[in-house]
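Each chain, written out:
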Amino acid sequence: MFGGAEGGARVGSGGLELPPGDEGREGVSTDVPPGAVSLARPMDAGSIGPELDWGADAWSEVRTRAQRAGRAYIWLNLVEQRLRAVVAAVLRPVYEPVHGDDWVVAAAGPTGQEWVQRAVAVREVSRRKGYLLDPADDNVLSFLTLPQLRELMVQHWPCFEPYFDDRRDVELALDELEVTRNVVSRNRALSEAVLNQAERASARLLEMLGAGGDVPSARRLPVDAVEDLVGDRYADVVAVHPDRVRLLRQFPAEDIFGGARRLDAIGIGLNLLVQNFSGRRLVRLAESGSRVRLLFLNPASSAVKRRERELGMKRGELGRAVEMNILHMRRVRARLRDPGAFEIQVYDETPRCTAYLVDGDGADGIAVVQNYLRRTRGMEAPVLVLRNGDKVVKPGEIEVGGLFPTYREEFEQMWADSRPVS
C-alpha cells in the first residue's frame, strides 16, 4: 500500500517504512512511524573537503613520523639481514647435509612448526605472484622475521655460543628492538626516545654480530646507518647542527676531544674547547702523548675590534674574553713536563672560521667546523661535523675530495703565518 504524496513514500503491510527525505519542509509531515528507518540525504560535495584536508601541522607531523620510521627501518633491516646471515652460517652446515633445502624447517623443530610453515606458505605465494625479485631470496630463511630468527638462535644456543661473549647481551638488544619493530611494521608513531634506543641497540647488536663499522673514526663518532647508505651524497659531512648547543647534546666535548692523539684548533677564542673541556683533562691528554696546537685570534688586533662591532659587543669585551682563554691555556701548558707538546699561537688576520681537527693527520680524523657569520655569535652559528679518510662511498664510484682537507690546509697556512705565545 502506498501513501499519498503529502506524506511521502512509505511501504506498508508490514514492510519497511521510509520517511520523507526533505524533513521539515513546510506543508510536509515530519512524523515518523514506529520502526521506520531514516535514509540519510547525500552530503554536499563542498562539505567533504574540510574533513579530509590536512593542514601544515598535520603534514609536518606525518613527515616527522615517516623520517623516524625510515631511520628505524634502515637499522632493523641491517640487523635482520646480518642475523639471517649469522643463522645461515652457523646452522646450515649442521642441518643441510641431512635435510637439504628443508634445513630451516628441520632446524625449527616441533616447537617452531607453526611459524616455519607459515614462512613456507608465504614463500610459495611470493613465487606465484612474482614477488621474488632476487633469486638469492628464494629460500625459507629469507621469509623469517626477526623474532623467528632469534628463536632459532635461542633453540640452538650451544652452536652460537663460541661466537658471542654473553647470550644475555644479545637477547637484551633484541628485546629493545622488538618495540621498534612492531611500531614500524604497523606504521604507528615512533617517539624520538624509542628511535634513539633502537639505533643504540642496533649498533650494539651489529657489533656483537661481527658487523661493526670498519671506519677507524667510528670509535669516536659511530657510523650512522643513514650515512652508510647515502654518505656519498654529502662529501665527508656526517652531521649538521643548527648551533653549538645542539652539537654538544649529540656529540659531547668528551667524545670529541677525549683520547685524541692530535688536536689542532683555530678560531677566535676556541670556547668549544676551553669552556667545555677541563684543563685537568687537557693536562692528562697531553701527558698521555697527545700533540696540541691552538691558534687564537690576537686579542689586541684590529680584527677583534671589527668583530666586536659586528656583534654589537662593548669595546674590549671580546678581546678580554679571548685573552682569558689564552691565559687559561698557558696555565695548562705550564703544568706539563713537555710544554713543546702544547703549542699556543696567535694570528692577526680576519677570522673566517672555527675548526677543531682531531687526529687530522690520520684516517680516523674528525673535524668540528663553524663559519663566522656577521651578526651571529659562535654559540649560535651552524656546525658541521666532518669525517676524514674512509668516507663511505658507493661501490664503483670514484671518491672525490671532501671538506676535511680544505680546513686542514687552512689551519696549516694560518699556523705558518702566526706567532707563538710565550
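Residues numbered from 1 in each chain as written. Predicted model: local features only at pLDDT ≥ 70, side-chain atom pairs only at ≥ 80, totals over all residues. Heavy atoms only, no water.

1. Some points on the pattern of salt bridges
Turning to step 1, where the next piece is worked out: Within this structure, the stated rule accounts for 27 salt bridges.
Turning to step 2, where the next piece is worked out: A salt bridge links Arg293 to Glu412, with the nearest nitrogen and oxygen atoms 2.8 Å apart. Placement of the pair is Arg293 in strand β3 (residues 291-297) and Glu412 in helix α16 (residues 404-416), with a sequence separation of 119 residues.
Turning to step 3, where the next piece is worked out: On the basis of relative accessible area, Arg293 is assigned to the buried category, the value being 5%.
Turning to step 4, where the next piece is worked out: Glu412 gets classed as partly exposed once you look at its relative accessible area, which sits at 33%.
Turning to step 5, where the next piece is worked out: A salt bridge links Glu310 to Arg307; the shortest N-O distance between them is 2.9 Å. Of the two residues, Glu310 and Arg307 both sit in helix α14 (residues 302-311), three residues apart, roughly one turn of that helix.
Turning to step 6, where the next piece is worked out: Residues joined by salt bridges that share partners form a network here, namely Arg123, Glu124, Arg127 and Asp138. (Salt bridge = Lys/Arg side-chain N within 4 Å of Asp/Glu carboxyl O. Helix = DSSP H or I, 4+ residues; strand = E, 2+ residues; numbered from the N terminus. Buried < 20%, exposed > 50% of the residue type's maximum accessible area, 1.4 Å probe, protein only.)

2. Details of the packing of aromatic side chains
Turning to step 1, where the next piece is worked out: Applying the stated criterion across every chain yields a total of five aromatic pairs.
Turning to step 2, where the next piece is worked out: Judged by centre distance (5.0 Å) and plane angle (80°), the ring pair of Trp54 and Trp59 falls under edge-to-face.
Turning to step 3, where the next piece is worked out: For Trp54, a relative accessible area of 45% translates into the label partly exposed.
Turning to step 4, where the next piece is worked out: Seen in terms of ring centroids, Phe257 and Phe277 are 5.7 Å apart; in terms of plane orientation they differ by 65°. Their pairing is edge-to-face. With Phe257 in helix α11 (residues 253-257) and Phe277 in the loop between α12 (271-274) and α13 (279-287), the pair connects residues that are 20 residues apart, well separated along the chain. Like Phe277, Phe257 is buried.
Turning to step 5, where the next piece is worked out: The ring of Trp415 carries Arg293 above its face, with NZ or CZ at 5.3 Å from the centroid. (Phe/Tyr/Trp six-rings, centres within 6.5 Å; stacked < 30°, edge-to-face > 60°. Lys NZ or Arg CZ within 6 Å of the ring centre and 35° of its normal.)

3. As for the sheet that holds strand β6 (residues 366-371)
Turning to step 1, where the next piece is worked out: With respect to topology, eight strands assemble into an open sheet ordered β1-β7-β6-β5-β2-β3-β4-β8, the strand pairing being mixed. Looking along the sheet, the strands with just one partner apiece sit at the ends: β1 (237-241) and β8 (419-420).
Turning to step 2, where the next piece is worked out: On the sheet, helix α15 (residues 317-334) packs against β3 and β4 (342-347) and is oriented at approximately 160° with respect to β4. (Pairing = 2+ DSSP bridges. Contact = heavy atoms within 4.5 Å. Axes fitted to C-alpha atoms, helices over the stretch in contact; angles between N-to-C directions.)

4. Points about the confidence of the model for the protein
Any segment with low pLDDT has predicted coordinates that should not be analysed in fine detail.
Turning to step 1, where the next piece is worked out: Per-residue pLDDT for the protein averages 84, and the proportion of residues at 70 or more is 81%.
Turning to step 2, where the next piece is worked out: Ignoring residues within four places in sequence, the model shows residues 1-6, a span with pLDDT below 50, making nine contacts including any to other chains. (pLDDT = per-residue confidence, 0-100.)

5. Concerning the environment of Tyr347
Turning to step 1, where the next piece is worked out: By secondary structure assignment, the location of Tyr347 is in strand β4.
Turning to step 2, where the next piece is worked out: The exposure class of Tyr347 is buried, given its relative accessible area of 3%.
Turning to step 3, where the next piece is worked out: Along the backbone, Tyr347 and Phe296 are 51 residues apart, and their C-alpha atoms lie at a distance of 6.5 Å.
Turning to step 4, where the next piece is worked out: Setting aside residues no more than four positions away along its own chain, Tyr347 makes contact with Ile266, Gly267, Ile268, Leu295, Phe296, Leu297, Asn298, Met414 and Ser418.
Turning to step 5, where the next piece is worked out: For Tyr347, the side chain forms a polar contact with the main-chain oxygen of Gly267, separated by 2.9 Å. (Polar contact = N/O pair within 3.5 Å; in protein donor to acceptor, adjacent residues only side chain to side chain.)

6. Some remarks on helix α8 (residues 192-208)
Turning to step 1, where the next piece is worked out: The first and last C-alpha atoms of α8 sit 24 Å apart over 17 residues, in line with the 24 Å expected at 1.5 Å per residue.
Turning to step 2, where the next piece is worked out: Among the structural elements, α2 (56-99) and α7 (167-185) are those in contact with the buried residues of α8.
Turning to step 3, where the next piece is worked out: A positive phi of about 80° marks Gly210, the residue just after α8. (Expected span 1.5 Å × (residues − 1).)

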